[in-house]
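Summary of structural features
Below are the chains, spelled out letter by letter.
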Amino acid sequence: MAPAPVVNGISPKEGPPGTRVTIRGQHLGKTPNDLIGLTICGSDCLLSAEWKSPNKVIARSGPGKGRGEIIVVTGSGGIGTSLVQFRGYHETIGPLKESAVWVEEASLNTLTWGHRSLSPSSYQLEDPLGLSVEENEKKFPEEDLHELFPECSGDLSSENFEPGWFLLEHHHATSFDDLRVGLSFLRRKVEGQKEGQISFLKSNIGSVMEQLDTLFILKEKFEADLKARDIDPTIKVEKAIEESISEAEKLFHDVLARREKADATRNALNVMQRFKFLFYLPGSIERNVKKGEIDVVINDYDRALNLFGKTDVAVFKKVLAEVELKISELREMLWKKLEDMSIGLDQQKKTIRNLVNLEIADDPGWKAITVHSNFLNEQLIACKTEHLKAESADMDGSSKHLDSHHKHKHKRAASGTYNVELLNRTPQPVLCVEELTEILSQRFPDLWKLGQSYFSGEFQIKIDPGRPQEFKGIVLSIISLVCTLLRSALLPHTVDKNQQWPQHHKTSDSVSTWLPHCLRYIRAAYSTLIALDLPSDALNIFSSLVFDLRLHCMSTLLCQAAEQIKTLGLKENWQIEFDQNGGITQLPSMFENLVAEVMQLVKDSVIIAEQRETPLLDNPAAKKDLNRLVLKLLLNFVEALDNLGLTNEDGDHTLGVSQLIGSSSQSRDKDSFGAVYEQKLLCTLSNCRHTRLTIFPRFINLFERHGFPRLSEPFEEAEMAFKHLEKRILDTYIEQKSDPLVGTIEPSMYIGNFDWDTCLPPTDIRPYAKEIIFSNIITVHSEVYKVIPSLVYPVISQIVEIVAEELSRLMSCVTKFSIAGNQQARIDIMAIQQTLQHFSTKNAVLYFNEALETIPPLDDPFDLKVVDEVLKKFTARNKLQLKCFNNPS
Amino acid sequence: MAKKPVSPEALHKVIMVGSGGVGKSALTLQFMYDEFVENYEPTKADSYRKEVVLDGEEVQIDILDTAGQEDYAAIRDNYFRSGEGFLCVFSITEDESFQAIQEFREQILRVKNDENIPFLLVGNKGDLQDRRKVSYAEAQGRAQQWGVPYVETSAKTRENVDKVFFDLTREIRSRKMEDTKTSNGGGKDKSKRKKLKCIIL
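The rules we used
Residues numbered from 1 in each chain as written. Chains lettered and ligands numbered in written order. Predicted model: local features only at pLDDT ≥ 70, side-chain atom pairs only at ≥ 80, totals over all residues. Heavy atoms only, no water. UniProt positions renumbered as here; feature names shortened; annotations may be inferred. Helix = DSSP H or I, 4+ residues; strand = E, 2+ residues; numbered from the N terminus. Buried < 20%, exposed > 50% of the residue type's maximum accessible area, 1.4 Å probe, protein only. Areas by Shrake-Rupley, 256 points an atom, 1.4 Å probe, with all protein chains shown as cover. pLDDT = per-residue confidence, 0-100. Contact = heavy atoms within 4.5 Å. Patch = residues over 30% accessible without salt bridge, like charges linked within 9 Å, V, L, I, M, F, W, Y side chains within 5 Å. Salt bridge = Lys/Arg side-chain N within 4 Å of Asp/Glu carboxyl O. Lys, Arg positive; Asp, Glu negative; His and termini not counted. Charge placed at Lys NZ, Arg CZ, Asp CG, Glu CD. Core = buried A, V, L, I, M, F, W, Y, C linked by side-chain atoms within 4.5 Å. Axes fitted to C-alpha atoms, helices over the stretch in contact; angles between N-to-C directions. Left-handed = near helix turned anticlockwise from the far one by under 90°. Nonpolar A, V, L, I, M, F, W, Y, C, P; charged D, E, K, R; others polar. Pairing = 2+ DSSP bridges. Phe/Tyr/Trp six-rings, centres within 6.5 Å; stacked < 30°, edge-to-face > 60°. Lys NZ or Arg CZ within 6 Å of the ring centre and 35° of its normal. Arc of directions from axis to C-beta.

Looking at an unreviewed UniProt entry, one finds chain B named small monomeric GTPase and attributed to Bemisia tabaci. Quoted verbatim from the Subcellular location (unreviewed entry) field of the UniProt record, the comment on chain B reads "Cell membrane". Listed under Sequence similarities (unreviewed entry) in UniProt, the entry text for chain B is "Belongs to the small GTPase superfamily. Ras family."

Where an unreviewed UniProt entry is consulted, chain A appears under the name Exocyst complex component 2, with the organism given as Bemisia tabaci. Taken verbatim from the UniProt record of chain A, the Function (unreviewed entry) comment is "Component of the exocyst complex involved in the docking of exocytic vesicles with fusion sites on the plasma membrane." Of chain A, the UniProt comment under Subunit (unreviewed entry) reads exactly: "Component of the exocyst complex."

Here's what the structure looks like:
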């Protein structure tokens, strides 16, 4: 069983029957049905009881009179106890009692006069004990008296008068001696009354007897008279009295009429005086409205309604009607004021509160919200239209005024280094975005706060259950409107065709450079929204915009960079800078700078996630995009290099290798002011290698430092592309070098109608062999070594192989050797073979041997000795030149 | 019902006084039931009783929450007579309510005829610091002038709510203990001696 109910609070603690009483305490029932009994002062009040909570019950007091307990009975806890008491009393309306109802004072007066003599107050003036109660300030607690003398009363005139009660109530502080004296006083008084009567009779016995006699005589005479006349004398007397009454009335009629009139006037004046508040009210309302003190008006109006709301008096009704009129005017005025958006939020809230206090039928809070949202919508759309108009004016080129105006207004420069060729005025979509975000961050918080106040019950408006949903809809629609507008200005590809910013094709380029700038604005607006603690539905709309914009911004930035890289080739000046790894031009470092810059920019504006933004690259699509764009960035450079290296714009490249033929003098001259094609090839090759080997690791480092995810895919692919390009360039280079070289061997060999059969005894190697070694291979060696030392071996060995092949072919074509010719051929081939032995591949060795084998063997050791000697002489003489072939690496 | 209930616990009667709307009922309801009533409904006269443990002794606090409105000024005398201690409340956001406390104080002293009646000056609505109109120093000054403590409370945040009731109850209890001592020891007090002269006839 639950604990028994306990009542320990009562509000109010006294009142006439029917008073609405709030009862507080503990365990007053678990449910409304658990409350099964309630008595206040002994009268059952369960019928009117309204269960609010286990701690609070509201009921109306019954007809019980005097002090009494409040007993609550619950099904779960049984009969309860009460720590406080309620006192019921019957209210009589007297002249001192303020009443909301007009009381006819005239009738009241006669009524009071009739009963006054019996009212206890006159009794209490006199103490029956003759003791003063003036000093007796301390009262004996009344409840104790009730407890001591139940069912009794201290009222002298009461049937159940209890002397003990009376004494305690009035004389509990009086000393015993005083009380004794009082008692004797009371006795004396009683005795005095008794004794007085008897002694009076004794002393006046004579006259009493006389009076008795006279009365008898009177009686006799009267009876005789009756017999004699037989008429009731009273009729005559009655007549006379009636006559005198009418006479008197005549006499006093005027006076009485005047008095009545005066009374009426006085009454009216009294009424005016007493209720002047009401009569002045219409005027004061008007005054206060003018002064703007709506609170005062509301207060007065409430008071008037409380006092006179239920009146039946015609005058009051009339005045009240007037007041109502004024109030409804005020309501209307305030209602209109709600539509005025120029007043601040606080003012608006105040107006709403005022309207609520004026008990307007409609819902001012909701109205304000609607007005707010409509205003916001209009402003947003107007902003777009205005900028569209301005733009079309700009397009016509006829509005220089506007132009300068905007230039003035927006002097700030867009960020980033991409704005080198920036138009000197901000494009309209960007202006539009700036303004939209401004409107949003200025106006929207107001709307939201208004909604918060509205739904948190700040205005004490009963809220329709559908309203929160509707409000959410409004908020969402505004946010999505803003987003659509922003998208149409910045991200045209994400909205419908009809929503797009027209003439976009012309502006898109200029807009794109402003994207980071716009992103900053939009982010600022977004953070305002976040600060407002909006529902995530609304924030998500915005965050998806921010996300899309970031993505778009990133791809735009990267695309721009890619475009720039594409054109990088035009900036090549072929100035080679050398370092320990060989020589490169400035192109790779330009490329590196560009990429680093764009990455910094992308990171700064896009990758870094601000408040409530998802990291962009967590999105697989975004990551893919990034990969794609980075790859494009890199491949564009490959393409640029490709274009540079493999485009032979000089046209004529049949470079003569043989000075002996002398066909190359022309092209040699041409190269004196620029790099020759082969050198360009080499440079590009070197650039490729440098980019791949040095810059790529740096990029990967850089990206990691900037928080990009691993971009291994694009880099690997780009590396492949680079390798491929390198191979192609290398092949081209070797082809370029070896083709003419090989081509010149034969003519040089047979220059001057040389014949292997009729040759002089050999003294040195022949000029063609020297040319192969010195002018051609050493030149190539030096050329390559200068730029890319590491490529010397692959290049030379390739060339050597080709040379060897050619030699073997030429030897096999010789039909007949003389002894001297035989010797000469051996000397030449062996000299070449020995010189280039470090660069000879297997194939080359094979070819050399093949060439030697085609020459018929020399049987005479003397002849062989000649060969050896000449060879020794050759190596000794050219020791210096040949040194470069000693170390192939 | 006819029997006198045995109540071993001491009963201390506290009366809330102060202008209308300063938060007397809010303080009372916060103290009694830990709840804060937002909407304003003028009180007529409410009665509450709570059992608390004061310095290890179980006592009952009887709270009479009176009407602040001027309309009820006439019946205040009757209420004040039964009070043993007074919480005189004003709102720190309303200067008028602070000015009104002077009248309440005078009325209490007149009715109780006792300069040292337990009395606490309470500045309520302490949570609305930004709307403060009555400075702490001003209120403190008034309290010192009267020789009573001054406490700032907030019925909304329950700040110092228990403190004012407990402080006042403590004061009442110590006063009562003093009184019993003097009345036990030194015979009748002065007012009773005076009464002897008032016998008529």
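Additional details are given in the paragraphs that follow.
Let's talk about the overall build of chain A
Each helix and strand counted, chain A has 29 helices and 13 strands in total. Burial status across chain A gives 43% buried among its 889 residues. Roughly 49,100 Å² of accessible area belongs to chain A as shown, and the carbon and sulfur atoms make up 55% of that amount.

Some words on the confidence of the model for chain A
Within chain A, residue pLDDT values average 74, and 80% of them lie at 70 or more. Within the model, the stretch residues 398-423 of chain A combines pLDDT values under 50 with 37 contacts to residues more than four positions away or in other chains.

Points about unusual backbone geometry
Residue and element names in this part refer to chain A. A cis amide bond links S11 with the next residue in sequence, P12, at an omega value of -10°. Note on placement: P12 falls in the loop between β1 (6-11) and β2 (14-15). At H27, a position not held by glycine, the phi torsion is positive, near 55°. By secondary structure assignment, the location of H27 is in the loop between β3 (20-26) and β4 (35-40). Accessibility expressed as a relative area gives 37% for H27, which makes it partly exposed. Its identity is not glycine, yet C41 carries a phi of approximately 50°, on the positive side.

What to know about a negative patch on the surface
There is a patch of like negative charges on the surface, built from D232(A), E238(A), E242(A) and E243(A). With respect to the element layout, E243(A) can be found in helix α7 (residues 233-274).

Points about the pattern of salt bridges
Residue and element names in this part refer to chain B. Evaluated as defined, the whole model comprises 23 salt bridges over all chains. Ionic pairing is found between D62 and R49, a salt bridge with its closest N-O pair at 3.1 Å. In this pair, D62 sits in strand β3 (residues 57-66) while R49 sits in strand β2 (residues 45-54), placing the two residues 13 residues apart along the sequence. Each of the two residues, D62 as well as R49, counts as buried. The residue D55 makes a salt bridge to R170 at a minimum N-O spacing of 3.0 Å. Highlighted residues: D55 in the loop between β2 and β3 and R170 in helix α5 (residues 161-185), separated in sequence by 115 residues. Residue classification places R170 among the partly exposed residues on the basis of a relative accessible area of 32%. Three or more residues joined by partner-sharing salt bridges are found here, namely D55, E57, K163, D167, R170 and R173.

A look at the nonpolar core
Grouped together as the largest cluster of nonpolar side chains are 171 residues, with contacts concentrated most on F444(A), F542(A), M599(A) and M811(A). For this core, the element with the most residues is helix α18 (residues 536-566) of chain A, which contributes 15 residues. Every residue in contact with M811(A), bar those within four places of it in the chain, is listed here: M749(A), W756(A), Y768(A), F817(A), A825(A), I829(A), A851(A), T854(A) and I855(A). Membership of the second largest hydrophobic core comes to 27 residues, among which are M16(B), A26(B), L120(B) and L168(B).

Observations concerning the packing of helix α9 (residues 294-308) of chain A against helix α10 (residues 314-338) of chain A
All names here are of chain A. The contact between α9 and α10 brings their axes to 11 Å, and the two run at 145°. Both α9 and α10 take part in a crossing whose hand is left-handed. Listed contacts from α10 to I294, V297, Y301, L305 and F308 of α9 are F316, L320, V323, E324, I327, L330, R331 and L334. Of the residues assigned to the contact of α9 with α10, the class counts are 11 nonpolar, no polar and two charged.

Re the pairing of β3(B)
Two faces, one strand: in a regular strand the side chains alternate between the faces of the sheet. Residue and element names in this part refer to chain B. Here β3 lies mainly inside the structure; eight of its 10 residues are buried. Bridge count for strand β1 (residues 10-17) against β3 is seven bridges, and the pairing is parallel. Of the residues in β3, the one forming a bridge with M16 is D65. Counting the residues between successive antiparallel strands, the hairpin from β2 to β3 contains two residues, one of them, D55, with a positive phi of roughly 50°.

Looking at the packing of aromatic side chains
Residue and element names in this part refer to chain B. Following the criterion strictly, the structure yields eight aromatic pairs over all chains and no others. Ring plane angle 80° and centroid distance 6.2 Å describe the contact between F31 and F166, whose orientation is recorded as edge-to-face. Here F31 is found in helix α1 (residues 24-33), whereas its partner F166 is found in helix α5, with 135 residues between them in sequence. The pair formed by F31 and F166 is uniform in burial state, with each residue classed as buried. Three or more aromatic residues link up through ring pairs in this structure, and these residues are F90, F98, Y136 and Y150. If you follow R105 out to its NZ or CZ, it ends over the ring of F119, 4.5 Å from the centre.

Examining a nonpolar patch on the surface
A contiguous nonpolar patch, built from I205(A), M209(A), L212(A), L215(A), F216(A) and L218(A) and spanning about 620 Å² of accessible area, is present on the exposed surface. Position of F216(A) relative to the elements: it lies in helix α6 (residues 205-229).

Concerning helix α4 (residues 136-146) of chain B
Residue and element names in this part refer to chain B. Restricting attention to buried positions, one finds in α4 the residues A139, R142, A143 and W146. Take α4 and look down its axis: the buried residues cluster within an arc of 100°, on one side only. Away from its buried face, by an angle of more than 90 degrees, α4 presents the exposed residues A137, Q144 and Q145. Among the structural elements, β4 (85-91), α3 (95-112), β5 (119-124) and β6 (150-152) are those in contact with the buried residues of α4. Where α4 terminates, the next one or two residues include G147, which has phi positive at roughly 75°.

Some points on the pairing of β1(A)
Summarising burial for β1(A): five of the six residues are buried, a large majority. Across two bridges, β1(A) lies against strand β10 (residues 81-82) of chain A in parallel orientation. What sits directly across from V6(A), in β10(A), is T81(A). Bridge count between β1(A) and β3(A): five bridges; the pairing is antiparallel. Counted as the bridge partner of V7(A) is G25(A) from β3(A). Pairing of β1(A) with β2(B), which is carried by two bridges, proceeds in the antiparallel orientation. Note on β2(B): the bridge partner recorded for I10(A) is S47(B).

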